[in-house]
Amino acid sequence: MSTVPPEAPHLTVEEIFASPVRAGASISPDGTRIAYLAPWRDRLNVWVEGIDSDERARCVTADDNRSVHVYHWTDDPRWLLYEQDGDGDEHWHVYRVDLENPEAEAVDLTPFPGATALGFEMRVSRPGKALVQLNHRDPVEFDLYEADIATAELTMLAQNPGRLAGLTHTPGGDLYAQIWTSDGDIELVQLDIGTGERRPVATFDGADHPLGINPFQFTPDGTGVWAGSNRDSDRTRVVRLDLATGEESEVDSHPTLDVDPRTSVFPTLPSPLILDRHTGELLGVRYLGERQVIHALDAQFAAVLKKLEQLSEGDLSAVSSDRSGRRWVVSFTHDRDPGVTYLYDHSTGESRLLFRPYPHLGPGVLAPMTPVTITSRDGLALPSYLTLPVGAEPVGLPMVLLVHGGPWHRDSWKFDPTAQLLANRGYAVLQVNFRGSTGYGKAFLKAGIGELAGKMHDDLIDAVDWAVEEGYADRDRVAVFGGSYGGYATLVGVTFTPDVFAAAVDFCGISNLVTFLRTVPEFAKPQLFNNWYLFAGNPEIPAQEAELWARSPISRVDRIRTPLMVVQGGNDVRVVKAESDRIVDALRARGVEVEYMVKDNEGHGFVNPENNIDMYRMADRFLARHLSPRA
């Protein structure tokens, strides 16, 4: 008797990639309101509604050009802040909304054209204030400012004395910065702006931290920092770094898992540190393996956490509470119940469902994302995820290898709309955490050094071989699809191993490592020493420039015979449009099939829903032509 479940209904691209009806909810500090993201004029904006009162939902931002994704409650529930850039150019600004004056326009707290605001932070020790770093004086150097939220007044706290990163200060006013050295290490120093003196506090091996120290959070008393450290260990734990002595003392660790590393790449994801909204004290720490594990470090939070985790079979995602810790708004990560969000009252033990972002999507139509472990040719265990189409015999399927970006990032168990679209079309979907991915210990991370287009790519090919040998995939119908570094990996796949893939989709991928590294924004170049320069090479060193060229897909463009689709944002400042132009022009000159989509109002990854829908419609048709999925 067959155990294959019924086939899932056909989902349109619009059903999977349209904006959520609601998402990203959080509770106000006084516990009376909820804010969330919802569409307004086809763009996500911030909405606010009362919990107990008759205050109806109202849209409090008015951006009809580009969706808002990041907002913040302040300690005063009158003021709400949000962040926005211009058409993907990554010139981020911070805006203030007055909830007591609905007719007032949003106020730009960082009103400098062409400048970028980084490191936005509010602290319980400075009510009504926010820290922000701005580069309007010099595009390469970020100065430290404090913004008065009510008056919109900016006060410079420290001018960058020369290409320092991460300027910040303690609640007591002591100034600190991080320095990326030419050896690739990261130094934390205390600064005296008046004298120029720099007092070393601690040094971290940059190879252990390719994207910097994460997490990095001052303790409320300003005498220490909670930091992610893997010093003398393969795993990243949370330590307290004493700012006077530089000594580390362990705060919390997991025996086999790293502190969740994903906010290094996607700051919109929840922080690995869960903090008390009123005191700033550490309540819990997130670790990530096949699934998430949260350690509670506070007895009251442990009791709350136990109740919250009973609300869903998913992993606890965004968490917010009122100042008292009584009321909580929480959402969950789940492969087939995306973003389900609840209100929980710890004083009564009662909870209620607030919303599902995609009420038309759920376990009845979505495919399970299953953790699997694949062994590479040299014996390295590769944590991976396999998504199989619902209702199909899992044998000899067309397959898409979906490659994550970074490369200092990782795939994780979640609702992945790309994987769900592909599974709905009858493809098996394989996502591989190849060596060099973060979150699996520093030995796994460092195994990627020098291995771009080498063993990092071998891991992907070994994963394809595994899927074929296990019977899931048809070797003649395998595609590769990736964005950013995943786009580079896609282009490597069709140039270094041209016989493996029947089709390829490259989304803002790197075609030439030399030109890519030379066009990185100037202010980011000092940070390249402990990631790209270490793992791949420095184009200003001739021997390494030659090696970078040899590992670049453009150097082997004449080997491409795989049908290719390329997608690019016209305002991308990380992987500039020329990277895609080069590969497309070279292929068209040879008469090789290539489809090219450019969206001029997008940057590194698409935000506007109509652009995502256009891209995935095109990818849907493209893959159907070349992989021949089920009818």
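Residues numbered from 1 in each chain as written. Predicted model: local features only at pLDDT ≥ 70, side-chain atom pairs only at ≥ 80, totals over all residues. Heavy atoms only, no water.

**Q** Mind showing me how you'd approach the overall build of the chain here?
**A** A tally of regular secondary structure across the chain gives 11 helices and 36 strands. Computed over C-alpha atoms, the radius of gyration of the chain comes to 24 Å, within 12% of the 25 Å expected from 2.2 N^0.38 for 631 residues, which places it in the range of a compact globule. Over its C-alpha atoms, taken along the principal directions, the chain stretches across nearly 60 × 60 × 50 Å. Here the chain, with 631 residues, has 56% of them falling under the buried criterion. The contacts of the chain with a sequence gap of at least 6 include a subset with a gap of at least 24, amounting to 55%. Summed over all atoms, the accessible surface of the chain reaches about 24700 Å², with 49% contributed by carbon and sulfur. For the chain, the distance from the average position of its 58 positive side-chain charges to the average position of its 91 negative side-chain charges is 2 Å. (Helix = DSSP H or I, 4+ residues; strand = E, 2+ residues; numbered from the N terminus. Rg over C-alpha atoms; globule rule 2.2 N^0.38 Å. Buried < 20%, exposed > 50% of the residue type's maximum accessible area, 1.4 Å probe, protein only. Contact = heavy atoms within 4.5 Å. Areas by Shrake-Rupley, 256 points an atom, 1.4 Å probe, with all protein chains shown as cover. Lys, Arg positive; Asp, Glu negative; His and termini not counted. Charge placed at Lys NZ, Arg CZ, Asp CG, Glu CD.)

**Q** Sorry if this is basic, but what is going on with the nonpolar core here?
**A** In a soluble, globular protein the nonpolar side chains are often hidden away together inside. Leu401, Leu430, Leu452 and Trp532 are the most contacted members of the largest nonpolar core, which has 63 residues in total. No other element matches the 8 residues that helix H5 (residues 455–469) contributes to this core. When residues no more than four places from it in sequence are discounted, the contact partners of Leu452 are Tyr485, Tyr488, Leu513, Trp532, Phe535, Ala536 and Arg551. Listed in part, the 35 residues of the second largest apolar core include Leu421, Tyr427, Cys508 and Met615. (Core = buried A, V, L, I, M, F, W, Y, C linked by side-chain atoms within 4.5 Å.)

**Q** Explain the environment of Ile449 to me, please; I cannot follow it from the model alone.
**A** With respect to the element layout, Ile449 can be found in the loop between helix H4 (442–446) and H5. Assessed through its relative accessible area of 30%, Ile449 is described here as partly exposed. Put simply, Ile449 and Ala536 are 87 residues apart on the chain and 7.0 Å apart in space, counted from C-alpha to C-alpha. Beyond its immediate sequence surroundings of up to four residues, Ile449 is in contact with Leu534 and Phe535.

**Q** How should the sheet that holds strand E12 (residues 154–158) be read in this particular structure?
**A** Think of a sheet as strands paired side by side through backbone hydrogen bonds, with each pair either parallel or antiparallel. If you trace the 4 strands from one edge of the open sheet to the other, you get E9-E10-E11-E12, paired in antiparallel fashion. With partners counted over all chains shown, the strands left at the sheet margins are strand E9 (117–121) and E12, one partner each. Taking the axes of each pair of neighbouring strands and ignoring which way they run, one obtains an average angle of 30 degrees across the sheet. Judged from the 7 bridges that link them, strand E10 (residues 129–138) and strand E11 (residues 141–148) form a sheet pairing that is antiparallel. Counted as the bridge partner of Asp138 is Glu141 from E11. (Pairing = 2+ DSSP bridges. Axes fitted to C-alpha atoms, helices over the stretch in contact; angles between N-to-C directions.)

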